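# Architecture at a glance
Listed here are the chains, written in short residue letters.
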Amino acid sequence: MEKIKFDLSKSFGKFKMMNATSGGPLHKRYKNDQYRSNFEEYKEARIPYARNHDANACMIYGGPFAHDISAIFPNFDADETKPESYDFACTDECIAMTLDAGTKTFFRLGETIEHQIKKHHTLPPKDFKKWARICEHIIRHYTEGWADGFEYDMPYWEIWCEPDLGEGSGEQPCWGGTRYEFFDLYEITAKHLKACFPHLKIGGPSLAHNLSWADEFLGEMKKRGVEIDFFSHHAYSQGPMDTANRMVRIRALLDKHGYTKTESILDEINYIKNWEDKFVYSIQQITGLKGASFTLSHFCACQKAPLDMLMYYDMRPSVFNGVFDFYTWKPLKGYYPFKWYGGFYDLENEIRSEDNIPEIYTLAGVDKDGKVTAMLTYYADLDQAENKVFKLDFGKENSEYEIYLLDETHNSELVKTTKDLTFDIPLFTSILIKEK
C-alpha cells in the first residue's frame, strides 16, 4: 500500500490567502422581501478578499450603477474634484455588506467585460490623466473619507482587467485599444496613484493569458520606472499542476524584469476544458463534485507554488459559480473547500508530505499544541478512474482523528473518528482530517 508521510518537524510558515474570491456575499442589508441570502455561509468560510470585477453585471452588487469607473463617474466631462460628480451609493452598499462578512474588497479600477457587439465602456478613456485622477478620488472616498466616505482598510487597487484578451482578433471585450495605449494608461495611472497613496498596493494588469504580452508589459514598465506592487493574472485550466507550472513562469518573468518583490496574485481561476465545444461540459463540471475537487486541489498545489494570493472566479450568480446555487444561493459541493480552508488560518504552521501519490493533493498544518489538520482530494481531468488506496502517516501512533467526507452523498459530514488513516477513495472525493 502506498503511504504519504508528513514530517512535523519541518515548518513552511503560515497559510497564504488561497480562498479569496471574485464577488462577495449575495445579501441585502436594507431590504428582505423575497428573502434569499448566503451571508452566513459566506462569512463562515472566512474569505479574506473579494474582487469586484464583473460585479457591475450582478444586480445584488449594485448592477449597472456600481463598481465600474463609468458607473461611479457617469459623466466623463464632469469635474472630477467635486463630490457631486460621483455616484457611490450602490458601490458603498456592496463594499459595506462584504465587510460585514469579514471580507475586504480587492478593488478593480476599470470596467466589466463587454461581450456585446458594440463596446461602450471598455474603449480607452479619452483623457488618461483625468481617468487617473478619477481613480484617485474613488480611493480617497473609501480610504480617507472624501465625499462622505469611509476610512476602510482596502490595500489592493488593480488597474483594469485583461487588456491582452482578444488582441488582434477584432474582438477585444476588455480593452478596445492597442497594447501600447494600455501601457500609457497603466504608467500614468500607477505613477499618479502611487504618488498619492504610497502606503497602498497599486498593481495589475489582470492578465488574461498572454505571457509574451506580459513580458513586453513588464519590460516597458521597468524602462519607464513604474512600481508594480502586485502583478495580477488569470488561469483557466484542466488541473492544478497546469496552474502551478504557470505560476513558476510568471514568477520568472517578474524576476527577469527586476520585480523581485512584486506580489504574484492569481485573481481568476476555474475549470475550463476549452472555450468552444467543451464549454457546456466545463460549466457542468464546475457546479458538481469535480469542480469542488478542482478547487481544493488548487488550494493544495498553489500553497506550494510561487504565488501570494489565489482568487476563485466567481461568486456571482453565474455559470462559473460552483460554490452557491444559481437560484437559491444555497451551498453546492464547491462551498466546502472554501469553508475547510478558512479553518487553516488558525493553524501555526504548514507541514508537507515527504511522499507524493499522483493525483492525490494534500495540505496539512499544525496548531499551537502540535495537533494536525489536513485535507486532501483525488483529482484528475477524467470522468472516471479506479479508486486510490493509500495511508497517511503523521508520525503519531496513538492519536485519534475526525474524518469529514465530501463526495456524491456527503457534504462535509463527520463520518468517523479513528486512529487508522487508511483510505480507499473514488475520483473527486475530498477529505478533511482533524486530530482530536
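In this report, we go over the structure that sits alongside the text. (Residues numbered from 1 in each chain as written. Predicted model: local features only at pLDDT ≥ 70, side-chain atom pairs only at ≥ 80, totals over all residues. Heavy atoms only, no water.)

### Considerations on the packing of aromatic side chains
- In this structure the tally under the stated criterion is 48 aromatic pairs.
- For the ring pair phenylalanine 88 and tryptophan 146, a centre distance of 6.5 Å and an interplane angle of 85° mean the geometry is edge-to-face. Taken as a pair, phenylalanine 88 in the loop between α2 (69-72) and α3 (89-100) and tryptophan 146 in the loop between α4 (128-143) and β5 (156-159) lie far apart in primary sequence, 58 residues in all.
- Here the aromatic rings of phenylalanine 326 and tyrosine 327 are separated by 4.9 Å at their centres, their planes lie at 70°, and the arrangement is edge-to-face.
- Three or more aromatic residues joined by ring pairs form one cluster here, namely Trp131, Trp160, Trp175, Tyr180, Phe182, Phe183, Tyr186, Trp213, Phe217 and Phe231.
- The positively charged end of lysine 130 is found above the aromatic ring belonging to phenylalanine 76, 5.3 Å away from the centroid. (Phe/Tyr/Trp six-rings, centres within 6.5 Å; stacked < 30°, edge-to-face > 60°. Helix = DSSP H or I, 4+ residues; strand = E, 2+ residues; numbered from the N terminus. Lys NZ or Arg CZ within 6 Å of the ring centre and 35° of its normal.)

### Quick word on empty space enclosed by the protein
- The final tally for this structure, using the stated rule, is 1 cavity of 30 Å³ or more.
- Put simply, the largest cavity is a space of about 70 Å³.
- Elements with a minimum of two residues in the lining of the largest cavity: β3 (49-51) and α3.
- A total of 3 residues in the lining of the largest cavity trace back to one element, the largest contributor, which is α3.
- Within the lining of the largest cavity, the residues separate by chemical class into 5 nonpolar, 6 polar and 1 charged. (1 Å grid on protein atoms, 1.4 Å probe; cavity = no way out; pocket = protein on both sides within 12 Å on 5 of 7 lines; lining within 4 Å. Points joined across faces, edges and corners; volume = space filled by probe spheres on them. Nonpolar A, V, L, I, M, F, W, Y, C, P; charged D, E, K, R; others polar.)

### Things to note about the environment of lysine 223
- Within the secondary structure, lysine 223 is located in helix α6 (residues 211-223).
- The sequence separation of lysine 223 and proline 198 amounts to 25 residues, and the corresponding C-alpha distance is 20 Å.

### Things to note about the sheet that holds strand β16 (residues 422-425)
- A sheet is described by the order of its strands in space; here 3 strands give the open sequence β1-β13-β16, paired in mixed fashion. With partners counted over all chains shown, the strands left at the sheet margins are β1 (2-5) and β16, one partner each. In this sheet, adjacent strand axes meet at a mean angle of 30° when their direction is disregarded.
- In the sheet, strand β13 (residues 388-393) pairs with β16 via 4 bridges, with the strands oriented antiparallel. Among the inter-strand pairings, valine 389 is bridged to a residue of β16, identified as aspartate 424. (Pairing = 2+ DSSP bridges. Axes fitted to C-alpha atoms, helices over the stretch in contact; angles between N-to-C directions.)

### Structural notes on the sheet that holds strand β11 (residues 360-366)
- An order of β10-β11-β12-β17-β14-β15 is seen for the 6 strands of this open sheet, with the pairing classed as antiparallel. What marks the edges here is a single partner per strand, and that holds for β10 (349-351) and β15 (411-418). For this sheet, the mean angle separating the axes of adjacent strands, direction not counted, is 20°.
- Across 7 bridges, β11 lies against strand β12 (residues 372-378) in antiparallel orientation. Within the sheet, the bridge partner assigned to threonine 362 lies in β12 and is leucine 376.
- Against the sheet, helix α10 (residues 335-343) engages β11, β12, β14 (401-406), β15 and β17 (430-435), with an angle of about 155° to β14. (Contact = heavy atoms within 4.5 Å.)

### Looking at unusual backbone geometry
- Here the residue pair glycine 204 and proline 205 is connected by a cis peptide bond, since its omega of 0° sits within 30 degrees of zero.
- Within the secondary structure, proline 205 sits in strand β6 (residues 201-207).
- Backbone torsion omega between tyrosine 313 and aspartate 314 reads -5°, so that peptide bond is classified as cis.
- For aspartate 314, the location among the structural elements is in the loop between β9 (309-312) and α10.
- The backbone of aspartate 148 shows a phi angle near 55°, a positive value even though the residue is not glycine.
- With respect to the secondary-structure elements, aspartate 148 resides in the loop between α4 and β5.

### What about the nonpolar core?
- Grouped together as the largest cluster of nonpolar side chains are 127 residues, with contacts concentrated most on Ile138, Trp157, Phe217, Leu392 and Ile433.
- Every residue in contact with phenylalanine 217, bar those within four places of it in the chain, is listed here: Phe182, Phe183, Tyr186, Pro205, Ile228 and Phe231.
- In this structure, Ala20, Tyr156, Phe230 and Met309 belong to the second largest nonpolar core, which totals 8 residues. (Core = buried A, V, L, I, M, F, W, Y, C linked by side-chain atoms within 4.5 Å. Buried < 20%, exposed > 50% of the residue type's maximum accessible area, 1.4 Å probe, protein only.)

### Brief notes about α6
- The terminal C-alpha atoms of α6, which comprises 13 residues, lie 18 Å apart, in line with the 18 Å expected from a rise of 1.5 Å per residue.
- The complete set of buried residues in α6 reads Trp213, Ala214, Phe217, Leu218, Glu220 and Met221. For α6, the angular spread of buried residues about the axis comes to 165°, placing them on one side. When the buried face of α6 is taken as reference, the exposed residues oriented beyond 90 degrees from it are Ser212 and Lys223. (Expected span 1.5 Å × (residues − 1). Arc of directions from axis to C-beta.)

### So, the pairing of β12
- Judged by how many residues are buried, β12 sits mostly within the fold: 7 of 7 residues are covered.
- Every second residue of β12 is oriented toward a common face, with Val372, Ala374, Leu376 and Tyr378 on one face and Thr373, Met375 and Thr377 on the other, all of them buried.
- Pairing between β12 and β17: 5 bridges, direction antiparallel. Looking at the pairing, leucine 376 lines up with isoleucine 431 of β17.

Everything listed is a geometric property; what it means functionally is a separate question.
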